[in-house]
Amino acid sequence: MGQLMELQNGSDIRGVACEGVPGERVNLTENEVNVIGQAFADWLAEQKRTVPGSLRIGVGHDSRVTADVLKTALFRGLTGRGARVADCGLVSTPSMFMTQIYPSVHFDGGIMITASHLPFNRNGLKFFTGQGGLEKEDITEILLRASSLEPCAGSPQQAEQMDTLSVYIEDLKGKIIEGVKNAPDRCRPLAGLHIVTDAGNGAGGFFPERVLAPLGADISGSLYLDPDGMFPNHVPNPENQQAMEVLRQAVMENRADLGLIFDTDVDRMSAVLSDGEEINRDRLIAMMAAILQEDYPGGTIVTDSVTSDRLTRFLEQELGMRHRRYKRGYKNVINEGIRLNREGILTPLAIETSGHGAMKENYFLDDGAYMAVRLLIAAANARQEGRSLASYIEKMEDSREEREYRIKIQAENFREYGDRVLEVFEKRAKMAGYNVVPDSCEGVRLAFQGDEIRGWLLLRMSLHDPILPLNMEGERDGDCDRMTEAVKRLLEGFSELGWQ
């Protein structure tokens, strides 16, 4: 149990849960999950100023191959502490948070067994209370508590079987029915829309079959709806180019109006329009902001730091909204959105380029299915008005060139070395006359608007790894090459850096 702390991944727990990948040691076993469950019960009881025996905790999982064995271990730990446990089965991560909200369920806490889009041998845990997902500091405390515990033999048979996903599904359907205006058939507001969904063999197969089809949508051509934790078709990740290409081809071949893709546990999504245009990264942010603009005029959109200048121009000049870049990490972005609202700054959306999008109107929960609902409502309403979904972002500039490097830090103390690199990089950039953007929140961002180079770049430290990611976007052919050469000149003398 001495290595439990290595399982922390920001505000989640993740580890290797089974053999199958050479060189990867199993470190998330039944014993680890058992004591983590105990520690969570103790922690939650303290938060609620009660005893573990009075708690009711829901547990769900995605399609991973190790879900059942880890769920049993979790049940042993939780019931060993006296907590009452509900087995929610195969569900999405957002639906597990909503079990803290729905009056018909209303758990004291929730646990989701998932490792998002990571390979089949990985698994992990996400924790929820009525206030949302736990913070990094909470996870640290729970793991420290767990490190002093021994596995206990609670009874998995005490777990109550509960269908919480159906409550969540009915909520989503109700939101679409309420949101689509002037539908000829109010109970089938998506009639006439052909929507292809790629669930990637994760937990999102329910969405087309139990949300879209009952509301009248044609879901033919949808892909990989059956749960399979080996993920045999492609990585269930909206950031993965192969996955997006599979969806794009499905939309085009089926002549669909819209394509949707979810990650394994459905807290992220991206889309493809009828002409094959991919709505992900900056374009997804722009689309969701444009949809929300009518309800939240002048609002602030919080994004991670690697978003483009053209996105800023679209948000501020076309939509009349404000753009707040913040540190990478979906919890960082979401917490910044929450903070701004508390300070009286209307912030309807906090969203990462990865597809993690959280809205003020939805508890600032990063919920891919809820984003899809908002997208579908907009598509149905636009159709009633005789326009396309693409019209929401028709005034956003296209990208000319994009590039990313991952510069490896080979020094032993990589964080100290990386901080020094960034300090010198910024100093040299200013001396060279480059425009260093103020308030980048992390790393060093340069903006180029001269005759020689036009575009932007961001050099920053990775959240967890000994890497300096370098993102750039050029406005003309060759601008990325010119920015790359500029960066190499600014980094001369740093012998412990390796370009990839």
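In this text, all values refer to a predicted model and were calculated from it rather than measured experimentally.

## Here's the deal with the overall build of the protein
(1) Moving on: Along the protein, the regular secondary structure elements total 13 helices and 22 strands.
(2) Moving on: Viewed in the frame of its principal axes, the protein has a C-alpha envelope of about 70 × 65 × 45 Å.
(3) Moving on: Counting across all 500 residues of the protein, residues that qualify as buried make up 59%.
(4) Moving on: Long-range pairs, those at least 24 residues apart, make up 69% of the contacts in the protein between residues at least 6 apart in sequence.
(5) Moving on: Put simply, the protein shows about 20,400 Å² of open surface, and 44% of that area lies on carbon and sulfur atoms.
(6) Moving on: Here the protein contributes 56 positive and 76 negative side-chain charges, whose respective centroids are spaced 3 Å apart.

## Quick word on the pattern of salt bridges
(1) Moving on: Under the criterion given, the structure shown has 42 salt bridges.
(2) Moving on: The closest approach of N and O atoms between Glu6 and Arg25, which form a salt bridge, is 2.9 Å. One end of the pair, Glu6, is in the segment before strand E1 (8-9); the other, Arg25, is in the loop between strand E2 (12-16) and helix H1 (30-47), with 19 residues separating them in the sequence.
(3) Moving on: According to the relative accessible area criterion, Glu6 is partly exposed, its value standing at 39%.
(4) Moving on: A salt bridge links Lys175 to Asp171; its shortest N-O distance comes to 2.7 Å. Of the two residues, Lys175 and Asp171 are both situated in helix H5 (residues 164-179); the distance of four residues between them amounts to about one turn of the helix.
(5) Moving on: Among the charged side chains, a network of salt bridges with common partners joins Arg324, Glu336, Arg339, Glu343 and Asp439.

## Considerations on helix H4 (residues 136-147)
Counting along an α-helix, one turn takes 3.6 residues, and residues three or four places apart therefore face a common direction.
(1) Moving on: End to end, H4 covers 17 Å across twelve residues, agreeing with the expected 16 Å (1.5 Å per residue, within 8%).
(2) Moving on: Among the residues of H4, Ile139, Ile142, Leu143 and Ala146 are the ones counted as buried. The buried residues of H4 occupy an angular sector of 95° when projected down its axis, which confines them to one face. H4 presents Glu137 and Leu144 as exposed residues on the side facing more than 90 degrees away from its buried surface.
(3) Moving on: Among the structural elements, E1, E2, H1 and strand E6 (122-129) are those in contact with the buried residues of H4.

Rules used in this analysis
Every chain is numbered on its own, with residues counted from 1 as its sequence reads. Side-chain atom pairs in this predicted model are given and counted only at pLDDT of 80 or more, local residue features only at pLDDT of at least 70, and totals for whole chains, interfaces and linings cover all residues. Here the side-chain values reflect all heavy atoms present in the structure, with hydrogen atoms and water set aside. Put simply, DSSP marks the helices as runs of H or I at least four residues long and the strands as runs of E at least two long, and each gets a number from the N terminus on. Accessible area is worked out with a 1.4 Å probe on protein chains only. A residue is then buried under 20% of its type maximum, exposed over 50%, and partly exposed in between. Here a residue-residue contact requires only that any non-hydrogen atoms of the pair lie within 4.5 Å. Here the open area of atoms and residues is found with the Shrake-Rupley method and a 1.4 Å probe, where only the protein chains shown may cover a residue. A positive count includes Lys and Arg, and a negative count includes Asp and Glu. His and the chain ends are not counted in either. To locate a charge, the coordinates of NZ of Lys, CZ of Arg, CG of Asp or CD of Glu are taken. The salt bridge criterion pairs a side-chain nitrogen of Lys or Arg with a carboxyl oxygen of Asp or Glu, the two atoms within 4 Å. Take the residue count of a helix, subtract one, and multiply by 1.5 Å to get its expected span. This arc is taken over the directions from the axis of the helix to the C-beta atoms.

So, to be careful, I would describe these as geometric facts and stop short of saying anything about function.
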